[in-house]
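# Report on the structure
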Number of protein chains: 4
Amino acid sequence: MTRAFLSDNAAPVHPKVWEALRAADANDAPYDGDALSRELDARFSDVFGREVATLWVATGTAANCLALATLVPPHGGVVCHREAHIEVDEGGAPGFYLHGAKLLLAEGEGAKLTPESIRAVIDPIRDDVHQVQPHAISITQASEYGRCYRAEELAAITSLARSRNLGLHMDGARFANATAFLGGSAADAAGDVDALSFGCVKNGGMSAEAIVFFDPSLADVARYRRKRAGHLQSKGRFLAAQLIAMLEDDLWLANARAANAAAAEIATSCGTRLMHPVEANELFVRLTPAEREALRGQDFGFYDWGADAARFVTAWNTRDEDAHALAQAIANL
Amino acid sequence: MTRAFLSDNAAPVHPKVWEALRAADANDAPYDGDALSRELDARFSDVFGREVATLWVATGTAANCLALATLVPPHGGVVCHREAHIEVDEGGAPGFYLHGAKLLLAEGEGAKLTPESIRAVIDPIRDDVHQVQPHAISITQASEYGRCYRAEELAAITSLARSRNLGLHMDGARFANATAFLGGSAADAAGDVDALSFGCVKNGGMSAEAIVFFDPSLADVARYRRKRAGHLQSKGRFLAAQLIAMLEDDLWLANARAANAAAAEIATSCGTRLMHPVEANELFVRLTPAEREALRGQDFGFYDWGADAARFVTAWNTRDEDAHALAQAIANL
Amino acid sequence: MTRAFLSDNAAPVHPKVWEALRAADANDAPYDGDALSRELDARFSDVFGREVATLWVATGTAANCLALATLVPPHGGVVCHREAHIEVDEGGAPGFYLHGAKLLLAEGEGAKLTPESIRAVIDPIRDDVHQVQPHAISITQASEYGRCYRAEELAAITSLARSRNLGLHMDGARFANATAFLGGSAADAAGDVDALSFGCVKNGGMSAEAIVFFDPSLADVARYRRKRAGHLQSKGRFLAAQLIAMLEDDLWLANARAANAAAAEIATSCGTRLMHPVEANELFVRLTPAEREALRGQDFGFYDWGADAARFVTAWNTRDEDAHALAQAIANL
Amino acid sequence: MTRAFLSDNAAPVHPKVWEALRAADANDAPYDGDALSRELDARFSDVFGREVATLWVATGTAANCLALATLVPPHGGVVCHREAHIEVDEGGAPGFYLHGAKLLLAEGEGAKLTPESIRAVIDPIRDDVHQVQPHAISITQASEYGRCYRAEELAAITSLARSRNLGLHMDGARFANATAFLGGSAADAAGDVDALSFGCVKNGGMSAEAIVFFDPSLADVARYRRKRAGHLQSKGRFLAAQLIAMLEDDLWLANARAANAAAAEIATSCGTRLMHPVEANELFVRLTPAEREALRGQDFGFYDWGADAARFVTAWNTRDEDAHALAQAIANL
């Protein structure tokens, strides 16, 4: 149990995903020529209620960077939050995939951008060749602090993006948790972005994420760049199978709801310790070193978050009793 | 059965690999901090009889390029065969991973390089900044035409590499087949290269290849670059599990022997139709369009190889009766 | 005199260029905001008889690569001759500027491409992500062997490019020599390419080349990339001045005609020694080592060209008596 | 006169530089094989009192980026000030030259870094592959606000760099002004950095800057990368000539002293309007829009600096009477 709240990355694979993987284990065309991979576009088009083009990749980092590479030239810039995953946790992958394009860092509560915080970054940029010009905006749904963009917030950012001729990308590593929180409509949770990194691994998958292009023409370039990045797996059917299993009967939403519920349960005992409202499956909780030690002494696993806080992450498989026990333990501190 | 000889990429996953995958499905540290990933160095060191550092990645393209990136600066060049996979089949991935470094194309029978063919490329390069200087050699074991480098051939190339201060990389997408053919010693089949892409997917794996660094210090840089390329999977334990399953009781060699035997069986009926001696699990067979049509009419699946030939690939699961049937069918043409 | 036929790169700067440089030495706006830089588009539009956008840069390598970067994405390829300057003499600059895009090497007599030789390269490329797809063609006018493309040859290549949706770039390091040879019309010598590297340094300039975009919209991206490559000089007026001086009263053509005439004079004595017809200002002459030594003993400077030949280059300032003397010396061998 | 205080980039070329340029206009070996280019190492070694290797390039951006590229791998980071030229004014060139390496932004008064401000950036970086690791520090002498690093400040930064195994680069676009201010010793002003971009264009040159490598072995790689970046000019003798002219009889220091003196003269009348102490040739002066309009009405040229200030730059050729007149005009506001 010691890793129970460490990361949704550490969680196991959902039984339905295992079933789908086993079912995919027949001879089929290599790469993405198999029946499952060819089914992806239709499946995701159903989920979003409009025609999309979808590519599987193995990681969120690859998904984010391949998506952004379709929106931003090497000499351009991407506006993102100062604490965005692409800025702080991807080992410089955007610099690699975008050939040196620049991340332009904006502020915003809860790691969420706003039209104002975006304008604060882009308005001072002189329109001359000495400065890197913005070409896209990247937002994270749910954000790195577990906050969700509401429909009207998305609309406002989209409107700004359109008016400035900027592409719009959404890092949806925990898109399922956001969608579950926001009411269950994938289309609403995605708003009108150009490309979405649709997370699956943290939500019960093994090794597949999806890049959903709402402008299908972008996918053509992404397919070449996926191969060029060594991300076109030869037995791609196993990635497609995971994604389809997730979509089947809305397993992705069920899993996310379970994780969110566990987080909400824990949140009830945190009170003012919470650094951010809990809207998805992450909790950032003010805890002294001694308090953290006490919790670890009770066999709870989690990461420190700076000197005075901890991050707890629930997952699709978090047991009620574990969430309850953690809530209790925090309440008892 | 129609895809039976299409590609070893199309083959299913070996039952032992499935077992290992299921066994890995417990909470563990994310990325490569899990117990299985941390075991890889020791396991591969056993296989090669010396200390190596090993990284998992999802594809052979990523393995080749991450390995080469440790040996070649962006302004350098890599000598490889004109028909090397990195040159003709990786969508320009070396150009991406090596930041524009150049492939310097050499000749050689059976897609194998020789000291002479390498020298024919590098000797005319003037030692000045106007020309891209060679920094490494990449060879493929077994080669793109299913040919294996013997120990003395490897020694001669290594000797040249050392004398010219060139790194040496081996693309071992079918290293197992080569090792099986050469007698079963991994160390002998690898010779004294600096880095080896150790194939697993074509040999019964699902989605894992290994990069084996015989100079462990190279692995440190490769780890950063793997993350930067979006190839550090968060549930890396599932990749490590596949590789360990393959090494366990030499499953990798057993699988390769099975594939090689099936290829050898088919070869017996091909006579002068064979474009290359069959040393691994690929056959390049001269067949007219009419002959290919006849075979396909008998439900044999394979790729055309130019206008007048076909490529047949066997795999770990090729059934004796299928190999025999194909041999018969070719004999009957 | 010992360097007289070594390289047009070694030749001095023309007096009119010096005059223009001195005249430009007044305070003016930095970078390319000065009056001369802003005059370039109009001047070159006059020369080509249609609206063009023009950027100065310091070298032909930068000109070629910045031009190509507007036509080819990082995952694309450029068809060029196996002996093209961008392939053999630019230190891998295309790999750098194009972020790893690939040069696809074609054959052709005299280092000239033909529709047939281009098709021989691009037709076998499978339209799938495993192979780098062609996005542009680059030709050199005059070619690396001093050969000129005639109007109908350019038209045939352009027609192929258009039909395959390929961009077309012309390396015109010696465009002046070609234009002079072809009759003096810049428009005819450039045909219908998308971008031209217009050489000036070899033709009496000091440090300026021009990139001429026949589709002016391409120049916008090139301006950003020029800055990003460190090629936006802060006293850009000195580069613009050189180019304008060259265009003034067709100095560029006068200089080229002088160089061509000197080469023609020398050619008269070479007979079957000539490896290529002499159409511009380069001669490739079969000469044994002993013969070369003899010529050097008479104080003629030139580069060896392989083991059995030499390259002689004339320039705008080659003196009649020197050309004559060399012709005599070769005749006397 | 309207551009007199706009930029030292707009200033004319010094007569001694013109002389040197003319003197260099004889046939010599192309690229950097000429006598002047080969003299550079010795000349700069004299200036710094130790063996250095020196390359000419056309711009400060190219100098900075080529220098940094020898110190930082593509997956690494460079600590620099938030207002460093490489961060805000080079159009993303570091991202291009360093293949996506990251600038890590630090604070510091007057655009100067301190050990504390550097540690504030690098200490929180976790030593794992998810975060870009620092590989070098870049400082600017004089800084972007015209401030100079004293010997002890340089020593402290160097000491930190050494202890963390970080390379150290100095952007010396106005190194001459800093050296003049600090007492005239180039060695003292450079401290113990690994590579210095030695400015010449702003100080009376036309088109040449130098990269000085205090570890000469770094220059070998830089030579290849210079060519690869299209910065190896074919008539390189004209760049070497400018640099040598500058060093001759310490013209560089004389020019810088003249510019500094003019700035100091103007500073006397600025009082509390000054945003930064004036140590080199730049003044950042608080001026309302109305005040700026008044000055422009008197024919003074300068750039606005945000909404409430202006930047004045003096140069080697700023006339006493102009400096005096500006001082008066500001005093009279």
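Report on the accompanying structure. If you're wondering where the values come from, they're calculated on a predicted model, not measured in any experiment.

## Focus: the overall build of chain A
A count of helices and strands for chain A gives 14 helices and ten strands. With respect to the principal axes defined by its C-alpha atoms, chain A has extents near 55 × 55 × 30 Å. Within the span of chain A, comprising 333 residues, buried residues form 66% of the whole. Restricting to contacts in chain A with at least 6 residues of sequence separation, those with at least 24 account for 75%. As displayed, chain A has an accessible area near 10,800 Å², and 50% of this comes from carbon and sulfur atoms. Measuring between centres, the 31 positive side-chain charges of chain A sit 4 Å from its 44 negative side-chain charges.

## Brief notes about the pairing of strand β2 (residues 76-81) of chain A
Residues and elements named next belong to chain A. Most of β2 sits inside the fold, with six of its six residues counted as buried. Of the pairings in the sheet, the one linking β2 to strand β4 (residues 133-140) comprises four bridges and is parallel in character. Bridge pairing in β4 places Val78 opposite Ala136. Pairing analysis gives five bridges linking β2 to strand β3 (residues 102-106), with the strands arranged parallel. Residue pairing across strands places Val78 opposite Leu103, the latter belonging to β3.

## A look at the interface of chain D and chain B
The partner chain B presents 19 residues to the 19 residues of chain D that form the contact. Across the chain D to chain B interface the summed buried area is about 1,700 Å²; carbon plus sulfur atoms make up 66%. Contact with chain B buries area across many residues of chain D, yet D:His75, D:Val129 and D:Tyr224 alone supply 41% of it, more than any other trio. Counting across the chain D and chain B interface gives zero salt bridges.

## A few points about the relation of the copies chain D and chain B
For the match of chain D to chain B, the screw axis carries a shift of 0.0 Å, the RMSD comes to 0.0 Å, and the turn is 180 degrees. In symmetry terms, the pair is related by a two-fold rotation axis. Minimal C-alpha distance to the rotation axis in chain D is attained by D:His99, lying at 3.4 Å. Taken together, the interface assignments show that 100% of the residues at the interface of chain D recur at the interface of chain B, consistent with an identical surface on both copies.

## Let's talk about the state of the cysteines
Residues and elements named next belong to chain A. Scanning all chains against the criterion turns up zero disulfides over all chains. Counting only cysteine sulfurs, Cys80 is the nearest neighbor of Cys65, a cysteine outside any disulfide, at a range of 11 Å. Free of any disulfide, Cys270 has its nearest cysteine sulfur in Cys148, 17 Å distant. Residue class for Cys270 comes out buried when judged on its relative accessible area of 3%.

## What about the relation of the copies chain A and chain B?
In the superposition of chain A on chain B (RMSD 0.0 Å, axial shift 0.0 Å), the rotation amounts to 180 degrees. A shared binding surface is used by both copies, with 100% of the interface residues of chain A retained as interface residues in chain B.

## Examining helix α7 (residues 151-163) of chain A
Residue pairs spaced three or four apart in an α-helix point in one direction, given the helix's 3.6 residues per turn. All names here are of chain A. Here α7 spans 18 Å end to end across 13 residues, near enough to the 18 Å set by a 1.5 Å rise per residue. Every buried residue belonging to α7 is among Leu154, Ile157, Thr158, Leu160 and Ala161, and all of these are buried. Summarising the axial view, the buried residues of α7 lie within an arc of 160 degrees, below the 170-degree limit, and thus occupy one face. Opposite the packed face of α7, turned more than 90 degrees from it, sit the exposed residues Glu152 and Ser163. In this structure, the buried side of α7 is in contact with α6 (115-122), β4, β5 (167-172) and α9 (186-190). At the exit of α7 stands Asn165, carrying a positive phi of roughly 60 degrees.

## Quick notes on the sheet that holds strand β9 (residues 303-304) of chain C
Residue and element names in this part refer to chain C. With antiparallel pairing, the three strands of this open sheet are ordered in space as β8-β10-β9. The open sheet has two free edges, formed respectively by β8 (282-286) and β9, since each of these has just one partner strand. Pairing geometry for β9 and strand β10 (residues 309-313), over two bridges, is antiparallel. In the strand pairing of β10, Tyr303 is matched with Arg311.

## Notes on the sheet that holds strand β8 (residues 282-286) of chain A
An order of β8-β10-β9 (chain A) is seen for the three strands of this open sheet, with the pairing classed as antiparallel. Where the open sheet ends on each side, the last strands, each with one partner, are β8 and β9 (303-304) of chain A.

## Comments concerning the interface of chain A and chain B
Taken together, the 50 residues of chain A in the interface contact 50 residues of chain B. Summed over the shared surface of chain A and chain B, the number is zero salt bridges. Run the count over chain A and chain B and you get 31 residue pairs in polar contact (both at pLDDT 80 or more). For the side of chain A that touches chain B, the secondary-structure elements that each account for two or more residues are α1 (15-23), α3 (60-69), α5 (93-97), α10 (217-228) and α11 (237-247) of chain A. Examining the composition of the side of chain A that touches chain B, we find that four residues originate from one element, α5(A), more than from any other. For the side of chain A that touches chain B, a count of residues per class yields 23 nonpolar, 16 polar and eleven charged.

## Quick notes on the pattern of salt bridges
Residue and element names in this part refer to chain D. Per the stated rule, a full pass over the model turns up 96 salt bridges over all chains. Here Glu116 and Arg119 are joined by a salt bridge, their closest N and O atoms 3.5 Å apart. You can see Glu116 and its partner Arg119 sitting in helix α6 (residues 115-122), three residues apart, about one turn around the helix. Exposure remark for Arg119: the relative accessible area of 30% places this residue in the partly exposed category.

## Overview of the packing of helix α11 (residues 237-247) of chain D against helix α12 (residues 251-267) of chain D
All names here are of chain D. With their axes 5 Å apart at the nearest point, α11 and α12 run at an angle of 70 degrees to one another. For the element pair α11 / α12, the angle class is roughly perpendicular. Counted together, Ala245, Met246 and Leu247 of α11 and Leu251, Trp252 and Asn255 of α12 form the full contact between these two elements. By residue class, the composition of the contact of α11 with α12 is five nonpolar, one polar and no charged.

## Let's talk about the environment of C:Pro277
Its location among the elements puts C:Pro277 in the loop between α12 (251-267) and β8. Aside from chain neighbours lying at most four places away, what touches C:Pro277 is C:Tyr145, C:Gly146 and C:Arg147.

## Things to note about the packing of α1(A) against helix α1 (residues 15-23) of chain B
Closest axis-to-axis distance for the α1(A)/α1(B) pair is 13 Å, and the angle between their directions is 170 degrees. Considering the angle they form, α1(A) stands roughly antiparallel to α1(B). For the pair α1(A) and α1(B), the contacting residues are A:Trp18, A:Leu21 and A:Arg22 in the first and B:Trp18, B:Leu21 and B:Arg22 in the second. Taken together, the residues of the contact of α1(A) with α1(B) break down into four nonpolar, no polar and two charged.

## Focus on the packing of aromatic side chains
Evaluated as defined, the whole model comprises 58 aromatic pairs over all chains. Judged by centre distance (5.1 Å) and plane angle (85 degrees), the rings of C:Phe44 and C:Phe198 are edge-to-face. Note that C:Phe44 is positioned in helix α2 (residues 35-48) and C:Phe198 in strand β6 (residues 195-198), a separation of 154 residues in sequence. C:Phe198 matches C:Phe44 in its accessibility class, with the two residues each being buried. Through successive ring pairs, a cluster of aromatic residues spans A:Phe44, A:Phe48, A:Phe175, A:Phe198, A:Phe214 and A:Trp252. The side chain of B:Arg296 reaches across the aromatic face of B:Phe302, ending 4.1 Å from its centre.

What counts, and where the lines are drawn
Residues numbered from 1 in each chain as written. Chains lettered and ligands numbered in written order. Predicted model: local features only at pLDDT ≥ 70, side-chain atom pairs only at ≥ 80, totals over all residues. Heavy atoms only, no water. Helix = DSSP H or I, 4+ residues; strand = E, 2+ residues; numbered from the N terminus. Buried < 20%, exposed > 50% of the residue type's maximum accessible area, 1.4 Å probe, protein only. Contact = heavy atoms within 4.5 Å. Areas by Shrake-Rupley, 256 points an atom, 1.4 Å probe, with all protein chains shown as cover. Lys, Arg positive; Asp, Glu negative; His and termini not counted. Charge placed at Lys NZ, Arg CZ, Asp CG, Glu CD. Pairing = 2+ DSSP bridges. Buried area = accessible area lost by both parts, 1.4 Å probe. Salt bridge = Lys/Arg side-chain N within 4 Å of Asp/Glu carboxyl O. Least-squares fit on C-alpha atoms with pLDDT ≥ 70 in both. Disulfide = S-S within 2.5 Å. Expected span 1.5 Å × (residues − 1). Arc of directions from axis to C-beta. Polar contact = N/O pair within 3.5 Å; in protein donor to acceptor, adjacent residues only side chain to side chain. Nonpolar A, V, L, I, M, F, W, Y, C, P; charged D, E, K, R; others polar. Axes fitted to C-alpha atoms, helices over the stretch in contact; angles between N-to-C directions. Parallel < 35°, antiparallel > 145°, perpendicular 65-115°, else oblique. Phe/Tyr/Trp six-rings, centres within 6.5 Å; stacked < 30°, edge-to-face > 60°. Lys NZ or Arg CZ within 6 Å of the ring centre and 35° of its normal.

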